Amino acid sequence: MVFIDLNADLGETTAGNPVADDAAMLELVSSANVACGFHAGDPHDISTTLSSAAARGVTIGAHVAYRDIPGFGRRFIDYAPAELSAEILYQIGALDALARAHGTRVSYVKPHGALYNAIVHHDAQAKAVVEGIKAFGGDLPVMLLPGGVAIDHAERAGLRVIREAFADRNYLPDGTLVSRTESHAVLSDPKQVANRVIEIAHTGSLTAVDGSTLRVDAESVCIHGDSPGSVQLARGIVSALSAAEIDIRSFL
């Protein structure tokens with residue numbers, strides 16, 4: 001049977017101010033990229049999300065980020081590589097400690113926001129991120145955008161790479177995402193979004209903004225929990241996948 005992993009960025013509630021409906025999203029996804037407190041989230045609210053994920057059998061990923069709460073981790077920071085590696089390791093360890101208190105654990109790592117985009121092309125930061133992940137234990141898979149230099153570093157380090165695609169973001173022909181500063185960066189039509197996920201699951205490809213076909217070979221598809229109507233959009237994807245006889249399950 002054809003299957004695909006659905007993931008969402010969760011655990012980003014800070015000081016009681018929710019970014020996404022974590023409880024609703026956890027009923028729909030198979031993997032959760034949980035904030036580690038550097039771009040969003042605080043220990044209590046992160047723990048609440050981890051508890052709910054554990055109860056539903058959702059796989060936990062450490063959503064590591066630049067230390068940038070005011071910018072929600074969406075601003076590039078020019079780190080010294082050793083400092084960035086240490087902060088990646090710190091975030092994974094903190095989240096894993098909270099996860100284990102709820103009977104689960106960190107099973108993979110996914111960089112967030114500006115860091116995720118930077119390591120597509122920033123060689124020094126890509127290497128630093130991989131070194132931070134390796135320092136935790138050496139066997140955590142890492143979720144990345146296809147085509148980036150971070151994949152080369154991860155594979156050389158012996159890490160399993162989970163290639164990811166985005167259900168609700170437009171792509172440029174070179175495989176990168178359309179900038180959020182552009183009006184057409186985010187897809188909002190439920191049918192279009194659902195058809196994209198089906199296309200990825202069946203063919204490993206998706207259609208770029210210019211109509212060209214991109215080969216992504218994604219094992220996981222991200223649904224942004226903080227987008228307007230995200231829960232309804234996710235429910236539409238789940239319904240469409242069921243109708244197409246595509247199973248939703250973790251890549252692990």
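Residues numbered from 1 in each chain as written. Predicted model: local features only at pLDDT ≥ 70, side-chain atom pairs only at ≥ 80, totals over all residues. Heavy atoms only, no water.

An unreviewed UniProt entry annotates the protein chain as Putative lactam utilization protein B-like protein originating from Corynebacterium testudinoris.

Overview of the overall build of the protein chain
Assigned secondary structure in the protein chain consists of 8 helices and 10 strands. At 17 Å, the protein chain has a C-alpha radius of gyration in line with the 18 Å of a compact globule built from 252 residues. Along the three orthogonal principal directions, the C-alpha set of the protein chain runs to about 45 × 35 × 35 Å. Each of the 252 residues in the protein chain was classed as buried or not, and the buried ones make up 56%. Intrachain contacts of the protein chain at a sequence separation of at least 6 include 72% that bridge at least 24 residues. (Helix = DSSP H or I, 4+ residues; strand = E, 2+ residues; numbered from the N terminus. Rg over C-alpha atoms; globule rule 2.2 N^0.38 Å. Buried < 20%, exposed > 50% of the residue type's maximum accessible area, 1.4 Å probe, protein only. Contact = heavy atoms within 4.5 Å.)

Focus on the pattern of salt bridges
Inspection of every chain in the model, using the stated rule, returns 12 salt bridges. The residue R67 makes a salt bridge to E83 at a minimum N-O spacing of 3.8 Å. Of this pair, R67 sits in the loop between β3 (59-63) and α3 (81-101) while E83 is found in helix α3, placing the two residues 16 residues apart along the sequence. The class of E83 is partly exposed, set by a relative accessible area of 38%. The closest approach of N and O atoms between E164 and K110, which form a salt bridge, is 2.7 Å. One end of the pair, E164, is in strand β6 (residues 161-166); the other, K110, is in the loop between β4 (106-109) and α4 (113-118), and 54 residues separate them in sequence. Residue K110 is classed as buried on the basis of its relative accessible area, which comes to 2%. Residues joined by salt bridges that share partners form a network here, namely D9, K110 and E164. (Salt bridge = Lys/Arg side-chain N within 4 Å of Asp/Glu carboxyl O.)

Brief notes about the side chain of E12
Locating E12 in the fold gives a position in the loop between β1 (3-10) and α1 (22-26). One buried charged residue, E12, forms no salt bridge at all, with the nearest opposite charge on R74 at 6.5 Å. Every residue in contact with E12, bar those within four places of it in the chain, is listed here: N17, V19, D22, A35, H39, A40, G41, H63, F72 and H112. (Lys, Arg positive; Asp, Glu negative; His and termini not counted.)

Re the packing of aromatic side chains
Per the stated rule, a full pass over the model turns up 5 aromatic pairs. Ring centres of Y66 and Y79 lie 5.5 Å apart, and the angle between their planes is 15 degrees; on these two criteria the pair is classed as stacked. Here Y66 is found in the loop between β3 and α3, whereas its partner Y79 is found in the loop between β3 and α3, with 13 residues between them in sequence. Of the two residues, Y66 and Y79, neither departs from the other in class, the shared state being buried. Here Y108 and F251 contribute two aromatic rings whose centre-to-centre distance is 5.2 Å and whose plane-to-plane angle is 75 degrees, an arrangement assigned as edge-to-face. Of the two residues, Y108 sits in strand β4 while F251 sits in the segment after β10 (247-248), which places them 143 residues apart along the sequence. The same class applies to Y108 and to F251, which are both buried. Three or more aromatic residues joined by ring pairs make a cluster, and in this case those are Y66, F76 and Y79. (Phe/Tyr/Trp six-rings, centres within 6.5 Å; stacked < 30°, edge-to-face > 60°.)

Examining the state of the cysteines
The final tally for this structure, using the stated rule, is 0 disulfides. Take C222: it sits in no disulfide, and the sulfur closest to it among the cysteines is that of C36, at 15 Å. We classify C222 as buried; its relative accessible area is 0%. (Disulfide = S-S within 2.5 Å.)

With respect to the environment of D5
Examined against the element boundaries, D5 turns out to sit in strand β1. Relative accessible area serves as the criterion here: at 0%, D5 is assigned to the buried category. Taking the C-alpha atoms as reference, D5 lies 11 Å from R163; in sequence the two are 158 residues apart. Excluding its chain neighbours within four sequence positions, the residues that come into contact with D5 are S30, S31, M143, E219, S220, V221, R249, S250 and F251. Here the side chain of D5 touches S31 through a polar contact of 2.7 Å, side chain to side chain. Polar side-chain contacts of D5 include one of 2.4 Å to the side chain of S220. (Polar contact = N/O pair within 3.5 Å; in protein donor to acceptor, adjacent residues only side chain to side chain.)

Brief notes about the pairing of β1
Most of β1 is tucked away, with 7 of its 8 residues classed as buried. Note: β1 against β10, 2 bridges, orientation parallel. In the sheet register, I4 faces β10, and the bridge partner there is I248. As paired strands, β1 and strand β9 (residues 220-222) are joined by 3 bridges and run parallel to one another. Across the sheet, L6 pairs through a bridge with V221, a residue of β9. (Pairing = 2+ DSSP bridges.)

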